[in-house]
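# Architecture and fold: a report
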Amino acid sequence: MTLSQPNPQWSEVDTYVTDLLAPADEALTAALADSTAAGLPEIAVAPNQGKFLHLLALVHGARKILEIGTLGGYSTIWLARALPADGTLTTLEYDPKHADVARANIARAGLDKQVEVRTGAALDTLPLLEQEGAGPFDLVFIDADKVNNPHYVSWALKLSRPGSLIVVDNVVRDGKVATPHPDDPAITGTREMFELVAREPRLDATALQTVGTKGYDGLLIARVTG
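Please read all numbers here as calculations on a predicted model, not as lab measurements.

### Describing helix 6 (residues 122-132)
Taken as a whole, helix 6 has its buried residues at Ala122, Thr125, Leu126, Pro127 and Leu129. Contacts made by the buried residues of helix 6 are with strand 1 (64-68), strand 2 (88-93), strand 3 (115-119) and helix 7 (149-158). Phi turns positive, to about 70°, at Gly133, one or two residues after helix 6.

### Let's talk about the packing of aromatic side chains
For the coordinates displayed, the defined rule picks out zero aromatic pairs. Its guanidinium or amino end placed over the ring of Phe137, Lys64 lies 5.5 Å from that ring's centre, counting from NZ or CZ. Here the guanidinium or amino end of Lys158 rests over the ring plane of Trp155, the centre of that ring lying 4.0 Å away.

### Some words on the pattern of salt bridges
Tallying each qualifying case throughout the model produces ten salt bridges. Between Glu200 and Arg202 there is a salt bridge, and its shortest N-O distance comes to 2.8 Å. The partly exposed category is assigned to Arg202, whose relative accessible area is 38%. Within the structure, one salt-bridge network assembled from shared partners comprises Glu116, Arg118 and Glu132.

Definitions and limits used
- Residues numbered from 1 in each chain as written.
- Predicted model: local features only at pLDDT ≥ 70, side-chain atom pairs only at ≥ 80, totals over all residues.
- Heavy atoms only, no water.
- Buried < 20%, exposed > 50% of the residue type's maximum accessible area, 1.4 Å probe, protein only.
- Helix = DSSP H or I, 4+ residues; strand = E, 2+ residues; numbered from the N terminus.
- Contact = heavy atoms within 4.5 Å.
- Phe/Tyr/Trp six-rings, centres within 6.5 Å; stacked < 30°, edge-to-face > 60°.
- Lys NZ or Arg CZ within 6 Å of the ring centre and 35° of its normal.
- Salt bridge = Lys/Arg side-chain N within 4 Å of Asp/Glu carboxyl O.

Rendered as structure tokens:
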């Protein structure tokens, strides 16, 4: 999510990198265009960030991916393209309208056989995945409401295995994550998530600050160790 206006130079660099290393194709371009046309908020990951998620899944050899927060399916497409032929991705979206747009975008990308979009509050859907034995997931990408980040990380840990990766987006919050007593519930939730990760012996993690077309933010990457 963009919290402040990006520095023009950040955007120029993002554009330069994206044009060379993560150029758009028809499916990705259409996914963003149709999301905008449907009135979805323009908070999808940047193209170079999508390519980073794609490479992360490839390097990790992910066969089962869980995404919490689908929006229009842009990041879903990047992640699903890293799967082997028999790989699967389950993505959870609260808003039915967003889910419908995502399903259409995913189908146009030719990934609907590998990707399942589930609609409903993630904290209601995640226990169902556990009951169904859907895990363990090799990679979990969390990019949903920030208030519930601690709960999402806890569920990601439950649905993972030793060696799984958990990636949480938008964790720097324009630098405000360092504020000791924030008045923003999203920042409070993010700080609680950091504290949970720090005291969880089964997680080995770090976080990176990012700048670019999406402004100033960052992501957390954690590896499940046990």
